[in-house]
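Listed below, chain by chain, are the residues.
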Amino acid sequence: QVQLVESGGGLVQPGGSLRLSCAASGSIFSINVMGWYRQAPGKQRELVATITNGGSTNYADSVKGRFTISRDNTKNTVYLQRNSLKPEDTAVYYCYANIKYYSGVYYKNGDFWGQGTQVTVSS
């Protein structure tokens, strides 16, 4: 069907930077929205940033000015550049996409999630 694969997570010191990548593959016709969510231990999953097919972006208040989301439509890939990382950014980051895809019979829209990549910000 459709799969999202994240990469780029890891351990970084406070103030450092990391870039996450997420590549979508499968029977994709178009990607309506692509972005990132995160879930910290004991907390609810929250929106980090999204970007639409037309390039409109949306950021959580906690990451504005520090994170930048971008996409490469030719590769069905979304990126999250994360600067000035804080311990509060520690979480599992999940790639998200709303995709119009081919079911084998017809096209339809659906939500897809990556398996998550751990980001730990610690000194």
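Residues numbered from 1 in each chain as written. Predicted model: local features only at pLDDT ≥ 70, side-chain atom pairs only at ≥ 80, totals over all residues. Heavy atoms only, no water.

Attention shifts here to the nonpolar core. The nonpolar side chains of a soluble globular protein tend to be buried, and buried together. Formed by 31 residues in total, the largest nonpolar core has its most connected members in Leu4, Met34, Trp36, Leu80, Tyr93 and Ile99. Of all elements in the fold, only β1 (2–7), β3 (18–26), β4 (28–39), β5 (46–52), β7 (67–72), β8 (77–82), β9 (91–102) and β11 (117–121) reach the threshold of two or more residues within this core. Looking at this core, the element that brings in the most residues is β9, giving 6 residues. Those residues in contact with Leu80 that lie beyond four places of it in its chain are Leu18, Arg19, Leu20, Trp36, Val48, Ala49, Phe67, Thr68, Ile69 and Tyr93. (Core = buried A, V, L, I, M, F, W, Y, C linked by side-chain atoms within 4.5 Å. Buried < 20%, exposed > 50% of the residue type's maximum accessible area, 1.4 Å probe, protein only. Helix = DSSP H or I, 4+ residues; strand = E, 2+ residues; numbered from the N terminus. Contact = heavy atoms within 4.5 Å.)

Adjacent strands of a sheet form backbone hydrogen bonds with each other and so pair up, either parallel or antiparallel. The 4 strands lie next to each other as β1-β3-β8-β7, forming an open sheet whose pairing is antiparallel. Where the open sheet ends on each side, the last strands, each with one partner, are β1 and β7. Adjacent strand axes in the sheet meet at a mean angle of 15 degrees when their direction is disregarded. (Pairing = 2+ DSSP bridges. Axes fitted to C-alpha atoms, helices over the stretch in contact; angles between N-to-C directions.)

The next subject is the pattern of salt bridges. Here the structure, examined in full by the defined rule, presents 5 salt bridges. Between Lys75 and Asp72 there is a salt bridge, with the nearest N and O atoms lying 3.9 Å from each other. Relative accessible area serves as the criterion here: at 48%, Lys75 is assigned to the partly exposed category. (Salt bridge = Lys/Arg side-chain N within 4 Å of Asp/Glu carboxyl O.)

This brings us to unusual backbone geometry. Excluding glycine, residues mostly carry a negative phi; peptide bonds, for their part, are mostly trans. At Asn76, a residue that is not glycine, the phi angle is positive and equals roughly 50 degrees. Structurally, Asn76 can be placed in the loop between β7 and β8. Backbone geometry places Ser84, a non-glycine residue, at a positive phi of 50 degrees. Residue placement: Ser84 occurs in the loop between β8 and β9. Exposure remark for Ser84: the relative accessible area of 40% places this residue in the partly exposed category.

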